[in-house]
Amino acid sequence: LHTSLWTAGPGFTRPVPLTGCRGGCPDVISLFPGPIPETSPARLLFVGTTPSRGAELWSTDGTAEGTWRLTDVCPGTCNAFSSGYLLPVLGSAGGRTYFLAIPKVNGEPSELWTSDGTPAGTYRVGGATRGVGALDGRVYYGAQESSRLELWSTDGSPDGGQRVVLLHRAAAGSSPVIKALGDLAVMITYEGDLQRLWRSDGTPAGTAPLPRPVLSTDQGTFNYGGLFEAGGLLYFDLWRRPFLGQVLWDWALLRTDGTPGGTRRVAAAPAGTNAFFDPLWRRDWNGRLLFVAGHTAGNSSHCSFWTSDGTAPGTREILPLPAGTHCPGGVEPFGSRFLFLAAFVQNGLAVPQLFVSDGTPEGTRQLTAFHEAREFIATEMVHAGGTVLFRLTSADGQDVEVWRTDGTPEGTSRIPLNLHQPTGLHVFRDAVYFS
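The sections below set out a description of the structure shown in this document. None of the values given here were measured: they were computed from a predicted structure.

**Brief notes about the overall build of the protein**
Along its length, the protein carries 0 helices and 35 strands. Across the 435 residues that make up the protein, the buried fraction comes to 42%. Nonlocal contacts in the protein, meaning residues at least 24 apart in sequence, comprise 35% of its contacts between residues at least 6 apart.

Now the structure itself:
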């Protein structure tokens, strides 16, 4: 779709497309609002594009000789305006228009530019900018640096910017991930490229790093992940990329009680394998950790349920899922059993089913009998009394349904709601809320 500039005479007579522009007349993506004030004749700013340039700022007075490209903010064919369609026009002051433009292909950050409708009068006046306003002939804007936020003002000239005030200074930080464990806090901190595990009782003397148990060797890059409480212990992951450029990671499941002696490994994947462990489906099940593990081979994956009591002998696989089954899309403890949603692949299509299990193949029962394929989604499972609610994609794939179950096939059914795309199931005071 190409939108071009046209001209017309009084009363919209003799409309013709504009031709003969220097370097070729551009396609028009969008117009800046209103003409540039204090120019004669009045000039209009717009976002235009030509085959050799992306979306850039143009100006026109309605004639071919008066139509110019004003900027090359993002050199080459890349766009200076958010794919060319979103107009970040920030207003006018003193006969100039202020706008945000993107100097790089990745789209960040947006810089503050100004124009009076001429190439010489179009230039950058500020770096990364978040907001703009005009007061007493000057334009004020927020300047975002890596470690501080400042208020600046400009009179619109190339060197007319000056800092007004420092609004906020951000010191270097470790971005800690914190999880409570009884009277302690356990933290994963980021210190440059290094991650560290800490414990704290809220005092300087009681704050110290915890040891990192090793995997098969000490070589490689390490990353922590997780922090999930079950049975009075915190469980977390330790990943290691063994060699530079190698895609596969070694994985270990660790546990801690907040003490150095109580921080140790309970399970690990064989070195160099492509095993994976899904942090989304970890639950406290009868005082033990219930989690999903698996491995990939080609385009297929195999999943199984595992449990851990915090010891290596007590960490084991309990329920392998049949081959051709998607990894669970929902898991929820249900008394001494647990519910999970998994999909079987039939003729290349995923057919989800709800199951209840005591953790053994013999004690696993299918509660639904769907025959049609449905888009498989990850869903919350929430308790309302003795009932668990969860979501499923509708059979036609056009909407999302809310279902309920009491752990029996007879007590599993769709809740008839005339509502569109229910999301975010959440329990509050024995009622289920969602948007």
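Next comes the rest of the description.
**Notes on the side chain of Thr 256**
With respect to the helices, strands and loops of the structure, Thr 256 is situated in strand β20 (residues 250–256). Separated by 2.9 Å, the side chain of Thr 256 and the backbone nitrogen of Gly 258 make a polar contact. Residues contacting Thr 256, with those up to four places away along its chain left out, are Leu 181, Val 186, Leu 210, Leu 233, Leu 234, Phe 236, Gly 262 and Thr 263.

**Here's the deal with the pairing of strand β15 (residues 184–191)**
Direction of pairing for strand β14 (residues 177–181) relative to β15: antiparallel, over a ladder of 5 bridges. Across the sheet, Ile 178 pairs through a bridge with Met 187, a residue of β15. The loop that links β14 with its antiparallel partner β15 comprises 2 residues; one of these, Gly 182, has a positive phi angle of about 65 degrees. Two strands pair when backbone bridges link them, and β15 and strand β16 (residues 194–200) are joined in this way by 7 bridges, in the antiparallel orientation. Residue pairing in the sheet places Tyr 190 in a bridge with Gln 195 of β16. As consecutive antiparallel partners, β15 and β16 are separated by 2 residues, and within that stretch Gly 192 has a phi angle of approximately 65 degrees, a positive value.

**Focus: the sheet that holds strand β8 (residues 96–101)**
Overall, antiparallel pairing links the 7 strands, which are arranged β7-β8-β9-β10-β11-β12-β13 in an open sheet. Lying at the two open borders of the sheet, with one neighbouring strand each, are β7 (89–93) and β13 (161–169). Within the sheet, the average angular offset between the axes of one strand and its neighbour, ignoring direction, is 40 degrees.

**With respect to the state of the cysteines**
Applying the stated rule across the entire model yields 3 disulfides. Shown here is the disulfide that connects Cys 303 with Cys 327, its sulfur atoms set 1.5 Å apart. Taking the sign of the S-S torsion, about 45 degrees here, the bridge from Cys 303 to Cys 327 comes out right-handed. Placement of Cys 303 in strand β24 (residues 300–308) and of Cys 327 in the loop between β25 (316–320) and β26 (330–334) is noted, with a sequence separation of 24 residues between them. Judged on exposure class, the residue Cys 303 and its partner Cys 327 are both buried. Looking at the protein, its bonded cysteines, counted consecutively from the start of the sequence, adopt the pairing 1-2, 3-4, 5-6.

**Comments concerning the environment of Thr 379**
Topologically, Thr 379 is positioned in the loop between β29 (364–366) and β30 (382–384). Residue classification places Thr 379 among the buried residues on the basis of a relative accessible area of 4%. Here the alpha-carbon distance between Thr 379 and Leu 389, two residues 10 residues apart in the chain, equals 9.7 Å. Beyond its immediate sequence surroundings of up to four residues, Thr 379 is in contact with Trp 281, Gly 329, Gly 330, Leu 341, Phe 390 and Arg 391.

**Considerations on the pattern of salt bridges**
Within the structure shown, the criterion is met by 11 salt bridges. The salt bridge partner of Arg 374 is Glu 401, with a shortest N-O separation of 3.2 Å. Of this pair, Arg 374 sits in the loop between β29 and β30 while Glu 401 is found in strand β32 (residues 400–405), placing the two residues 27 residues apart along the sequence. Pair check on accessibility: Arg 374 and Glu 401 agree, each one buried. A network of salt bridges, in which partner residues are shared, links Arg 148, Glu 150 and Arg 163.

Conventions adopted
For every chain, the first residue of the written sequence is number 1, and numbering continues from 1 onward in sequence order. Local features in this predicted model are restricted to residues whose pLDDT is 70 or higher, and side-chain atom pairs enter the listing and the counts only when it is 80 or higher, whereas totals over whole chains, interfaces and linings include all residues. Side-chain descriptors were evaluated using all non-hydrogen atoms of the structure, hydrogens and water having been removed beforehand. Secondary structure is summarised from DSSP: a helix means a run of H or I of at least four residues, a strand means a run of E of at least two, and numbering begins at the N terminus for each. Exposure is judged per residue with a 1.4 Å probe applied to protein chains only, and the accessible area is read against the type maximum: over 50% gives exposed, under 20% gives buried, and values in between give partly exposed. Contacts between residues were defined by any pair of non-hydrogen atoms, one from each residue, lying within 4.5 Å. Two N or O atoms count as a polar contact when they lie within 3.5 Å, although within protein this holds only if one can serve as hydrogen donor and the other as acceptor, and sequence-adjacent residues are included solely when both atoms are side-chain atoms. When DSSP finds at least two bridges between two strands, those strands are taken to pair. Lines fitted to C-alpha atoms define the axes here, with helix axes fitted over just the stretch in contact, and angles between the N-to-C directions of these axes take values from 0 to 180 degrees. The disulfide criterion used throughout: a pair of cysteine sulfur atoms within 2.5 Å. Between Lys or Arg on one side and Asp or Glu on the other, a salt bridge is scored when a side-chain nitrogen of the former is within 4 Å of a carboxyl oxygen of the latter.

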